[in-house]
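Structural overview
Chain by chain, the residues:
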Amino acid sequence: MPTIRVIDSHTGGEPTRLVLDGGPDLGEGPLEERVRRFREHFDAYRSAIVNEPRGSDTLVGALLVKPHRADCALGVIFFNNVGYLGMCGHGTIGLIASLSYAGDLAPGAIKIDTPVGAIEASLSADGEISVDNVVSYRSARQLAVNVPGIGEVIGDVAWGGNWFFLISQHDQIIDLQHVDALTDFTWRVRAAINAQGHPLVDHIELFAPSLKPGAHSRNFVLCPGKAYDRSPCGTGTSAKLACLAADGKLLEGDSWVQESFIGSTFVGRFRWRDRAKGEIVPTITGTAHVTGETVLRLDPKDPFCWGIRA
């Protein structure tokens, strides 16, 4: 009976499932090509690993693969309940914590190949993990979107390893008691901005002032599969840093503490890659905790062996 060996972790409350053995063989070549093979020929594995009954809508999978870039020590492909992610900040922190737990990684720096570019992660002796993400930038400032049933919503479009629409002007209350309203609002905005000509924007991020000492803002991030991010979102924080840098609201090397709507935090910093183009290299720092390790069984007699798919 086929099996898949995994380590589960959470980063600021957001779960990651690292696939160590038993995942699909995607062959060689650039990781963006291997993602295409994954999607076209092995998508059942994605569903089996992260969807119910073994997983949940919130769970992000991380498949370890051989890197294509010569300067990288390993490669990773991230996926969720509906598809594939370019990068995943919380997932990278979970990946590093899981490899450390397994005894496969010592404190220090490691370069990692992803479908959208190379990143570098560093593990400190006390368990703190920093990720130098892919180059991030803002592509549209103060974009107005007409949202049916809501009206005009204004925000920025930015890349942080995934595409985000970042909204600071809204009437939503960002806390656990208003999850349904937050999800409805952001899902409507996502549909509207996609219909307006930005079909690649798959994450919607709301911001509000934080009451947590030392934090600069609180966010709510809706992911592509309609699940909300429990962590402050690594790629979303990278996109936020790109906007702050472009507006001159955060200086190179200064810290930005981003709180999630459940209270967990990431610390973000950036360095300029190309000031004229507004391109930055963001660094996201946080911690992750291993929650379990297991072997998933792919029982051919199980009618939901390959997961429950919408």
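The text that follows walks through the structure, step by step, so that each part is easy to find. Since we're looking at a predicted model, the values are computed, not measured.

Cut-offs and rules
- Residues numbered from 1 in each chain as written.
- Predicted model: local features only at pLDDT ≥ 70, side-chain atom pairs only at ≥ 80, totals over all residues.
- Heavy atoms only, no water.
- Helix = DSSP H or I, 4+ residues; strand = E, 2+ residues; numbered from the N terminus.
- Rg over C-alpha atoms; globule rule 2.2 N^0.38 Å.
- Buried < 20%, exposed > 50% of the residue type's maximum accessible area, 1.4 Å probe, protein only.
- Contact = heavy atoms within 4.5 Å.
- Lys, Arg positive; Asp, Glu negative; His and termini not counted.
- Charge placed at Lys NZ, Arg CZ, Asp CG, Glu CD.
- Salt bridge = Lys/Arg side-chain N within 4 Å of Asp/Glu carboxyl O.
- 1 Å grid on protein atoms, 1.4 Å probe; cavity = no way out; pocket = protein on both sides within 12 Å on 5 of 7 lines; lining within 4 Å.
- Points joined across faces, edges and corners; volume = space filled by probe spheres on them.
- Nonpolar A, V, L, I, M, F, W, Y, C, P; charged D, E, K, R; others polar.
- Expected span 1.5 Å × (residues − 1).
- Axes fitted to C-alpha atoms, helices over the stretch in contact; angles between N-to-C directions.
- Parallel < 35°, antiparallel > 145°, perpendicular 65-115°, else oblique.
- Phe/Tyr/Trp six-rings, centres within 6.5 Å; stacked < 30°, edge-to-face > 60°.
- Lys NZ or Arg CZ within 6 Å of the ring centre and 35° of its normal.
- Pairing = 2+ DSSP bridges.

**Observations concerning the overall build of the protein chain**
- In terms of helices and strands, the protein chain carries five helices and 17 strands.
- The globule rule puts the C-alpha radius of gyration for 310 residues at 19 Å, and the 19 Å found for the protein chain is close to it.
- Here the C-alpha coordinates of the protein chain stretch approximately 55 × 45 × 35 Å along the principal axes.
- When the 310 residues of the protein chain are sorted by exposure, 56% land in the buried category.
- In the protein chain, once contacts between residues fewer than 6 apart in sequence are set aside, the share between residues at least 24 apart is 62%.
- Each charge class in the protein chain was averaged separately, 29 positive and 36 negative side chains, and the resulting centres sit 3 Å apart.

**Here's the deal with the pattern of salt bridges**
- This model, assessed by the stated rule, comprises 13 salt bridges.
- Between Arg218 and Glu259 there is a salt bridge, with its nearest N and O atoms 2.9 Å apart. Placement of the pair is Arg218 in strand 13 (residues 217-222) and Glu259 in strand 14 (residues 256-260), with a sequence separation of 41 residues.
- The buried category is assigned to Arg218, whose relative accessible area is 19%.
- Each of the salt bridges in this network shares a partner with another, and the network as a whole consists of Arg138, Arg141, Asp156 and Asp247.

**Some points on unusual backbone geometry**
- Each neighbour pair has its own omega, and for Glu52 with Pro53 the value is 10 degrees, a cis peptide bond.
- Assignment of secondary structure puts Pro53 in the loop between helix 2 (43-50) and strand 3 (60-65).
- Phi at Gln142 is positive, roughly 50 degrees, even though this residue is not glycine.
- Judged by relative accessible area, which is 38%, Gln142 ranks as partly exposed.

**Side note on the layout of surface pockets**
- Its boundaries defined by the atoms lining it, the largest pocket holds a volume of some 350 Å³.
- Together, 20 residues line the largest pocket, and Asp156, Ser168, Lys240, Asp247 and Lys249 are the ones closest to its centre.
- Mapped by element, the contributors of at least two residues to the lining of the largest pocket are strand 9 (137-147), strand 10 (151-159), strand 11 (163-167), strand 12 (203-208) and helix 5 (234-246).
- Across the lining of the largest pocket, the residue classes tally to nine nonpolar, six polar and five charged.
- Reported here for the second largest pocket is a volume of approximately 220 Å³.
- The set of elements that each furnish at least two residues to the lining of the second largest pocket consists of helix 1 (31-41) and strand 5 (84-85).
- Counting residues per element, the lining of the second largest pocket draws most heavily on helix 1, which supplies four residues.
- Among the residues making up the lining of the second largest pocket, the classes are represented as eight nonpolar, three polar and four charged.

**Focus: the side chain of Ser98**
- Looking at where Ser98 falls in the secondary structure, it is placed in helix 3 (residues 89-101).
- According to the relative accessible area criterion, Ser98 is buried, its value standing at 1%.

**Overview of helix 5**
- Its 13 residues place the ends of helix 5 18 Å apart at the C-alpha level, agreeing with the 18 Å of an ideal helix rising 1.5 Å per residue.
- Along helix 5, the residues that are buried comprise Gly234, Thr235, Gly236, Thr237, Ser238, Ala239, Lys240, Leu241, Ala242, Cys243, Leu244 and Ala245.
- Gly248, located one to two residues past helix 5, shows a positive phi value of around 70 degrees.

**Here's the deal with the packing of helix 1 against helix 2**
- As a packed pair, helix 1 and helix 2 sit with axes 5 Å apart at the nearest point and diverge in direction by 80 degrees. Between helix 1 and helix 2, the crossing angle belongs to the class labelled roughly perpendicular. Only Asp43, Tyr45 and Arg46 of helix 2 make contact with helix 1, whose side of the interface consists of Phe38, Arg39 and His41.
- Here the residues of the contact of helix 1 with helix 2 are counted per class, giving two nonpolar, one polar and three charged.

**Some details on the packing of aromatic side chains**
- A complete count under the given rule lists eleven aromatic pairs for this structure.
- Between Trp159 and Trp163, the ring centres sit 5.4 Å apart and the planes meet at 55 degrees, which makes this aromatic pair tilted. The pair formed by Trp159 and Trp163 is uniform in burial state, with each residue classed as buried.
- The cationic tip of Arg230 hangs over the ring face of Tyr228; the distance from NZ or CZ to the ring centre is 3.7 Å.
- In this structure, Lys240 packs its charged tip against the face of Phe207, placed 4.2 Å from the ring centre.

**Section: the environment of Lys277**
- If you trace the backbone, Lys277 turns up in the loop between strand 15 (265-274) and strand 16 (279-286).
- The sequence separation of Lys277 and Ala246 amounts to 31 residues, and the corresponding C-alpha distance is 9.1 Å.

**Quick word on the pairing of strand 1 (residues 3-11)**
- Judged from the nine bridges that link them, strand 1 and strand 17 (residues 288-297) form a sheet pairing that is antiparallel. The partner of Asp8 across the bridge, within strand 17, is Gly292.
- Bridge count between strand 1 and strand 2 (residues 14-21): seven bridges; the pairing is antiparallel. Counted as the bridge partner of Ile7 is Leu18 from strand 2.
- In this antiparallel pair of consecutive strands, strand 1 and strand 2, the connection spans two residues, and Gly12 shows a positive phi of 60 degrees.

Shape descriptors only; they carry no functional weight alone.
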